[in-house]
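Now for the letters of each chain:
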Amino acid sequence: LAKPVELPQGTLEVLILKAVSLGPLHGYGILLRIQQISGERLEILQGSFYTAIYRLERQCWIKGEWGESENNRRARFYSLTAAGRRQLKAETDKWIDMAAVVAGILSKKADEI
Amino acid sequence: MAAIRKWWRSIAPRTPSDVEEEFRSTLDAYQDDLIRRGLPEDEAGRRARIELGRSAAQNENYRNAIGLRPFDELGGDIRYSVRGLLKNPGFSVVAILSLALGIGATTAVFSVVYAILIDPFPYANSDRMAHMWVIPSKGDRQFFGITGSQWQQLRKSPVVEDAFIMDNWNLTVTGSDLPEDVHGAYLSSNGFNFLGVPPVLGRGLQPSDAIDGHDPESVAVLGYTFWQRHFHADPSVVGKTIQLVRNNFTIVGVAAPSFTWGDADVYLPLKITGDQIKGFFPEIRLKPGVTHTQADAALQPLIQQFARETPRHFPADTQIKLHVADPDEHFVKDLGPTLYLLFGAVLLLLLIGCGNVSILLLARATSRQHEFAVRSAIGASRRRIIRQLLTEALVLSLTGAGVGLVLAYRTVSVIVANLPQFSFPREAAIQINVPVLLFSIAVAVGTGILFGLSPAWQLSRPEVSQVMQASSRKTIGSVRGRRTHNGLIVGQIALSVLMLAGASAAIEGFLRVAHTRLGYDPHNVMSVGIPIHDGTYKTWPERAAYLERLHSKVAEVPGVTVAAVSSNATPPANGFNTKFEILGKPTAQDQTFRFNLVSHEYFPALRIPLVQGRMWDSAEEHRAAALVVVNQTLARRYFPNGDAVGHSIKVPELVPQPPYLITAPGSDGWMLIVGVIADKLDDGLSRPILPEAFVPFTVAMAMGTQILVRSQGQPLVLLHSVSAAVNSIDRDQQVSNNVRDLEHWISELPEYARGHLVSWLFGAFAALALALAAVGIFSVVSYTVVQRTNEFGIRIALGAKRRHVLWIVCRNIGITVSSGLLAGLLIFVTLQRILTHWIQSSSSSPFILVPVAALFILCAVSACIIPALRAVSIDPMRAVRYE
């Protein structure tokens, strides 16, 4: 089994946006989806996870609606709003940029400078 | 309600049950997941609940996430503060009342001061409105009148922006069985525009209502209270007709409630003619930037010219001086010191109240030191503790402020109901003054915050662990802030003593006024005013016969024991002030007396004895014989040999102005003194008796008279039959609508009413101050006792006498109380000259301080003794263990 990864502050929100952008999901489903995509390498605490959900909903980046889950239970499904989509794109670009810069610096060898 | 819900939805879009339902659905999903991974069902449920927590906690999580946490904490703090206050009802009630009394009294008294003295008038540019007086070379300032053409000259003066003139008449409306007295003000047609207060209905008087030299339009504007009283506030009154003394007037408007110029019931256009007989009261508005002194200088020549043209409208003096003043100057002069004094008193009360709260909060803070040490030890941040203390202080002081607001409204209505009538501008709308209310609340809240936060200052000292270990109650060393306490108590006591001393001076002064020997018997006598209508009974025989018939008709009313004509002689302040001459003696400078026009029954009606000579009889009265009766003061001052009777005097200023003042032939000559009566008051309750003289009322008759009616019982029950008797002589004749008995007129005198008001209010405020100070002493002593219970237990266990312990408790507070008492007495003695002048009590006797000091010591001892006795009566074993 691969080693678990700790998330930097504020990253959880982007991951939730990404998870929801693939299709409406209920809370627990989002959690599972992120873990699944990460290859079970992320350990997400339930407490901070829901705090993140509430904050995103408060910012109107995701919106929740009650519906039926796959095993016929009432569950609250979250989907991305237009503002959420913009936010996701901005955050994604920021991440890729930053990762490229950091990776570029870190991967340099002494003779390349 | 819907708006609040909408607002709340925008802050917290999801309901708690919604959040909980989602939580439960997650819980179920997680549990299913765990079962799928192979856990048994009950074990899966247990693990899910352990990992996810309780659903209530989820709601808290939600509220934190959307940023509501500070509000939740604030709510918690408020609940905690309220619980704390409810748990210590004694502390809370005293603290809240201390603040409330201070806020309420200060706001109420300042509101009255503001409304009466600072900004009484609703009129346009009232700061530039001015009243003109003339001051003779000797004597008090007086009114004067000007004629229509003089008014036009006055308006053209370069310092005057505009001026209007007014005349007053008692009119009547008919409708009920007797004509009703109506106070009419005739205004020059620019009057309403000058005063600039829009009427509530219709229009005011306007220039087209009275063109100079023509008869004015028959229009009337109703006064607001008359409209309510007579027309029951009928909104359709405009356009209707009102009959005044059998002339029809069209009602064109109703004046605003605050428009009470001249206290009139109806306002009518004044007829301006070239007539030089009648004088009217002028009122001016100065041009912007013109001072009163400049106006005096600029108008003086004009006024002197008027005085030459119409000498009868001015005091008979060649040296008159014009005095331009604010229209409310005499109110400020009469009532100002009283109100400022009261304001000073309530400011002291506010200070004492705040002092009390400080003492209570400091004491409470010290006893809660342990609590805060524990809280900070288990991780409460300093900021968090300060926030909680702040909340507690605000809950306390805002509750105090709320109660204070209610008290302020109550106090204002009590003061307004007891203000001396006619001693303040009728226009003054007395209502709560918001800036001062805010100021007092700010002072109170500031005090609450300053002293409420005191535990936080203590926490900043790095001895939290020490405090916790010492369990602060066990040692004297930790009795903190003792110096602050003592300082506060000394200040509080000094201020309360100052107030008590001031109050006793005021009460003493009032009692002296109230117990003045009158020299006449006001009991069961009423004065019935009878105004004579313009243009009626214009000659001496007509008017004399009319008054005699009125008098004899009233005397015949069943129940009337004596009826007497008293045209201008109704005590305790009566008579025209005028100069007189004595036949055969040089006229001294300033030789004036009070000149009274009465019928001979005046003396038996008021039970004033004749001490020398004789009274004139009915026949002499009928022919207006030139006979005089003088009082003892006059006889003693001008005839020290006791030979007043037989001398003659003359009143040079008594000149006829028909038809407004009709004199009998011969009244300008020498009049023989035939008798001397015993002294009675003639210049108010607090001033010495002036020389006065009485002549038959037929000697000079103006546009009205009064009939004094003495009866067996309460005279006012006879008023209707007396009015009917008056009306039976002339069907248009009303009696004044302000008939009262003579005892009432005494209590209406400004010096009486003012003293009454000041004594009650000052006394009440001083009693409150005393109570607050006593509570302050009580709480400090009980707090010290509680702090030192262990120590006392140990002392007693080791064999100390209880007496000794009692001495320890009382010694310290004894020193504090005596220094406060001394400080207060010293301040009072220093200020006494100023204070007694303001209180208008001539007493400067230091003996009034003895009962004050005694009362105070009594209160201090009882406030001290209860907790001290508790300390010594405690069982030593329990005291040692006392936590």
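Above: the structure in question.
Quantities reported herein were computed from a predicted structural model and do not represent experimental measurements.

**A look at the overall build of chain A**
Then step 1. Across its full length, chain A carries four helices and three strands.
Then step 2. Starting at the N terminus and ending at the C terminus, chain A contains elements arranged as α-β-α-α-β-β-α.
Then step 3. Along the longest, intermediate and shortest principal axes, the C-alpha atoms of chain A span 60 × 35 × 20 Å.
Then step 4. Per-residue burial for chain A yields a buried fraction of 37% across its 113 residues.
Then step 5. Considering only intrachain contacts with a sequence separation of at least 6, the fraction spanning at least 24 residues in chain A is 46%.
Then step 6. Carbon and sulfur atoms provide 57% of the accessible area of chain A, an area that totals close to 7,200 Å².
Then step 7. Each charge class in chain A was averaged separately, 16 positive and 13 negative side chains, and the resulting centres sit 4 Å apart.

**Some details on the nonpolar core**
Then step 1. If you look at the biggest cluster of nonpolar residues, it comprises 99 residues, and the most contacted ones within it are Leu222, Ile242 and Leu299 of chain B.
Then step 2. Excluding anything up to four places from it in sequence, leucine 222 of chain B contacts Trp227, Phe231, Val237, Ile242, Ile251, Gly253, Val254, Ala255, Asp265 and Val266 of chain B.

**Some words on the pattern of salt bridges**
Two side chains bearing opposite charge may form a pair once their charged atoms approach each other closely.
Then step 1. Tallying each qualifying case throughout the model produces 27 salt bridges over all chains.
Then step 2. By sharing partners, the salt bridges in this structure join Glu57 and Arg76 of chain A together with Asp18 of chain B into a single network.

**A closer look at the environment of glutamate 70 of chain A**
Then step 1. When you line up the elements, glutamate 70 of chain A lands in the loop between β2 (62–68) and β3 (74–80).
Then step 2. For the pair glutamate 70 of chain A and tyrosine 28 of chain A, spaced 42 residues apart in sequence, the C-alpha separation works out to 12 Å.

**A closer look at the packing of aromatic side chains**
Residues and elements named next belong to chain B.
Then step 1. One pass over the full model with this rule turns up 27 aromatic pairs over all chains.
Then step 2. Ring centres of tryptophan 133 and phenylalanine 143 lie 5.2 Å apart, and the angle between their planes is 15°; on these two criteria the pair is classed as stacked. Placement of the pair is tryptophan 133 in strand β1 (residues 129–135) and phenylalanine 143 in the loop between β1 and α7 (148–155), with a sequence separation of 10 residues.
Then step 3. Pairwise contacts between aromatic rings join Phe121, Tyr123, Phe164, Phe192, Phe194, Phe259, Trp261 and Tyr267 into one cluster.

**Re unusual backbone geometry**
Residues and elements named next belong to chain B.
Then step 1. Here the residue pair proline 571 and proline 572 is connected by a cis peptide bond, since its omega of 15° sits within 30 degrees of zero.
Then step 2. Relative to the helices and strands, proline 572 is located in the loop between β12 (560–565) and β13 (576–579).
Then step 3. Look at the link from proline 658 to proline 659: it is a cis peptide, with omega at 0°.
Then step 4. Positive phi, close to 65°, is recorded for asparagine 524, a residue that is not glycine.
Then step 5. Mapping asparagine 524 onto the fold places it in the loop between α17 (482–514) and β11 (525–531).
Then step 6. Its identity as a non-glycine residue notwithstanding, tyrosine 537 has a phi of 50°, on the positive side.
Then step 7. Looking at tyrosine 537, the relative accessible area reads 22%, which means it is partly exposed.

**Regarding the sheet that holds strand β1 (residues 25–26) of chain A**
Residue and element names in this part refer to chain A.
Then step 1. Pairing in this open sheet of three strands is antiparallel, and the strands run β1-β3-β2 from one edge to the other. The sheet terminates laterally at β1 and β2, the two strands that pair on one side only.
Then step 2. Strand direction decides the pairing type here: β2 and β3, joined by seven bridges, are antiparallel. Across the sheet, residue glutamate 65 finds its bridge partner in β3, namely phenylalanine 77.
Then step 3. Those strands touched by helix α3 (residues 46–58) are β2 and β3, and its axis lies near 110° from that of β2.

**Details of the sheet that holds strand β24 (residues 740–741) of chain B**
Residue and element names in this part refer to chain B.
Then step 1. On the basis of which strands lie adjacent, the open sheet formed by four strands has the order β12-β23-β11-β24 and antiparallel pairing. Looking along the sheet, the strands with just one partner apiece sit at the ends: β12 and β24.
Then step 2. Both β11 and strand β23 (residues 704–711) contribute to a ladder of seven bridges, which runs antiparallel. Opposite valine 525, over in β23, you have arginine 710 as the bridge partner.
Then step 3. In the packing of helix α18 (residues 540–555) onto the sheet, the strands contacted are β11, β12 and β23, and the crossing angle to β12 comes to about 165°.

**Considering the side chain of glutamine 35 of chain A**
Then step 1. Mapping glutamine 35 of chain A onto the fold places it in helix α2 (residues 27–37).
Then step 2. Residue class for glutamine 35 of chain A comes out buried when judged on its relative accessible area of 15%.

**Regarding the packing of helix α1 (residues 11–21) of chain A against α3 of chain A**
All names here are of chain A.
Then step 1. Between α1 and α3, whose axes approach to 10 Å, the crossing angle comes to 70°. As the angle between them shows, α1 and α3 are arranged roughly perpendicular. Considering how the two elements wind past one another, α1 and α3 form a crossing that is right-handed. Two secondary-structure elements touch here, α1 through Leu12, Glu13, Ile16 and Leu17 and α3 through Ser48, Phe49, Ala52, Ile53, Arg55 and Leu56.
Then step 2. Its residues assigned to classes, the contact of α1 with α3 shows seven nonpolar, one polar and two charged.

What counts, and at which threshold
Every chain's residues receive numbers from 1 upward, in the order its sequence appears when written. Chains carry letters and ligands carry numbers; both start at the beginning, A for chains and 1 for ligands, and go up in the order they are written. Local features in this predicted model are restricted to residues whose pLDDT is 70 or higher, and side-chain atom pairs enter the listing and the counts only when it is 80 or higher, whereas totals over whole chains, interfaces and linings include all residues. Working from all heavy atoms in the structure, the side-chain values ignore hydrogens and water. A run of H or I in DSSP becomes a helix once it reaches four residues, and a run of E becomes a strand once it reaches two; helices and strands are each numbered from the N terminus. Exposed residues in this analysis have more than 50% of their type's maximum accessible area, buried residues have under 20%, and partly exposed residues fall in between, with area computed by a 1.4 Å probe over protein chains only. The contact criterion used is simple: two residues touch if any of their non-hydrogen atoms lie within 4.5 Å. We get accessible surface area from the Shrake-Rupley algorithm with a probe of 1.4 Å; when it comes to residues, only the shown protein chains can shield them. The charge count treats Lys and Arg as positive and Asp and Glu as negative. His and the chain ends do not count. Every charge is mapped to an atom, namely NZ of Lys, CZ of Arg, CG of Asp or CD of Glu. Take the buried Ala, Val, Leu, Ile, Met, Phe, Trp, Tyr and Cys residues and link them wherever side-chain atoms come within 4.5 Å; each set so joined is a nonpolar core. Salt bridge, as used here, is a side-chain nitrogen of Lys or Arg placed within 4 Å of a carboxyl oxygen of Asp or Glu. Pairing of aromatic rings covers Phe, Tyr and the six-membered ring of Trp, with a centre-to-centre limit of 6.5 Å; geometry is then stacked below 30 degrees between planes, edge-to-face above 60, and tilted otherwise. Between any two strands, at least two bridges found by DSSP are needed for them to pair. Only C-alpha atoms enter the line fits that serve as axes; for helices the fit covers just the stretch in contact. Angles between N-to-C directions range over 0 to 180 degrees. Roughly parallel means an angle under 35 degrees; roughly antiparallel, over 145; roughly perpendicular, 65 to 115; everything else is oblique. For a crossing to be left-handed, the near helix must be turned anticlockwise from the far one by less than a right angle; the clockwise case is right-handed. Under the scheme applied here, ten amino acids are nonpolar (Ala, Val, Leu, Ile, Met, Phe, Trp, Tyr, Cys and Pro), four are charged (Asp, Glu, Lys and Arg), and all others, including Gly, are polar.

Nothing here speaks to function; it is all geometry.
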